[in-house]
Amino acid sequence: QVQLVESGGGLVQAGGSMRLSCAASGRTFSNSAMGWFRQAPGKEREFVAAFGWSSGIYYEDYADFVKGRVTISRDNAKNTVYLEMNTLKPEDTAVYYCNADGRFYRGRYNQGAYWGQGTQVTVSS
């Protein structure tokens, strides 16, 4: 059974940094495209960042509102994906979800079938 478990969320002041982790189990995702999404209260879930191989091409994709502030990376030995976030803003407050096994189409990430349970990030002003 595939499981994605996010961790690393919490409360941080505006301007601070945070690193989220997504530990996968049940299968290896080292060759899969993976991404992060977020959902703020009263809003729809939105794309944050993704990377990986799709049809032999390597992609990285970031939402405009996080470009320059966020880096996605992975440790294949740990089957874990990270989301490093810097210069956090109150509007970054949301539940952050890990997604696995997506596909890139025309450079944009399309979500895969696997989701984690989410981790809350709260940025105070």
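As a reminder, the structure under discussion sits directly above these lines.
Below: a short report on this structure.

**Focus on the overall build of the protein chain**
What the protein chain contains, in helices and strands, is 0 helices and 12 strands. In the protein chain, the succession of helices and strands from N to C terminus is β-β-β-β-β-β-β-β-β-β-β-β. On C-alpha atoms alone, the protein chain measures out to a radius of gyration of 14 Å, which is about the 14 Å that the 2.2 N^0.38 rule sets for 125 residues. Taking the principal axes of the C-alpha coordinates as reference, the protein chain spans close to 40 × 30 × 25 Å. Summed over its atoms, the accessible surface of the protein chain is roughly 6,600 Å², and 46% of this surface lies on carbon and sulfur atoms. Averaging the locations of the 13 positively and 11 negatively charged side chains of the protein chain gives two centres separated by 3 Å.

**Topic: the side chain of Asp 61**
By the secondary structure assignment, Asp 61 is in strand 6 (residues 57–62). What makes Asp 61 buried here is its relative accessible area of 8%. There is a polar contact of 2.9 Å between the side chain of Asp 61 and the side chain of Arg 108. Once you skip the residues sitting within four places of it in the chain, Asp 61 turns out to touch Phe 47, Val 48, Ala 49, Ala 50, Phe 104, Gly 107, Arg 108 and Tyr 109.

**Considering the state of the cysteines**
In this structure the tally under the stated criterion is 1 disulfide. Two residues, Cys 22 and Cys 98, share a disulfide whose sulfurs are 2.1 Å apart. An S-S torsion of about -80° defines the bridge between Cys 22 and Cys 98 as left-handed. Within this pair, whereas Cys 22 is found in strand 3 (residues 18–25), its partner Cys 98 is found in strand 9 (residues 94–105), the two being separated by 76 residues in sequence. On the basis of relative accessibility, which here comes to 0%, the residue Cys 98 falls in the buried class.

**Focus on the pattern of salt bridges**
Inspection of the entire model under this criterion finds 7 salt bridges. A salt bridge links Asp 101 to Arg 27; the shortest N-O distance between them is 3.1 Å. Here Asp 101 is found in strand 9, whereas its partner Arg 27 is found in the loop between strand 3 and strand 4 (33–39), with 74 residues between them in sequence. The class for Asp 101 is partly exposed, based on a relative accessible area of 22%. Taking the relative accessible area as the measure of exposure, Arg 27 reaches 28% and is therefore partly exposed. One salt bridge in this structure joins Arg 103 and Asp 101, with 4.0 Å as the shortest N-O distance. Shared partners join several salt bridges into a network, and the residues in it are Arg 38, Glu 46, Arg 69 and Asp 92.

**Side note on the pairing of strand 5 (residues 46–54)**
With 7 of its 9 residues buried, strand 5 lies for the most part within the structure. As judged from the 5 bridges shared by strand 4 and strand 5, these two strands associate in the antiparallel manner. Each residue of the ladder has a partner; that of Arg 38, found in strand 5, is Glu 46. Taking the residues between adjacent antiparallel strands as the criterion, strand 4 and strand 5 are bridged by 6 residues, where Gly 42 takes a positive phi near 80°. In textbook terms, the turn of a hairpin is the stretch between consecutive antiparallel strands, and for strand 5 and strand 6 this stretch comprises 2 residues, one of which, Ser 55, has a positive phi near 55°.

Quick notes on the rules
Residues numbered from 1 in each chain as written. Predicted model: local features only at pLDDT ≥ 70, side-chain atom pairs only at ≥ 80, totals over all residues. Heavy atoms only, no water. Helix = DSSP H or I, 4+ residues; strand = E, 2+ residues; numbered from the N terminus. Rg over C-alpha atoms; globule rule 2.2 N^0.38 Å. Areas by Shrake-Rupley, 256 points an atom, 1.4 Å probe, with all protein chains shown as cover. Lys, Arg positive; Asp, Glu negative; His and termini not counted. Charge placed at Lys NZ, Arg CZ, Asp CG, Glu CD. Buried < 20%, exposed > 50% of the residue type's maximum accessible area, 1.4 Å probe, protein only. Polar contact = N/O pair within 3.5 Å; in protein donor to acceptor, adjacent residues only side chain to side chain. Contact = heavy atoms within 4.5 Å. Disulfide = S-S within 2.5 Å. Salt bridge = Lys/Arg side-chain N within 4 Å of Asp/Glu carboxyl O. Pairing = 2+ DSSP bridges.

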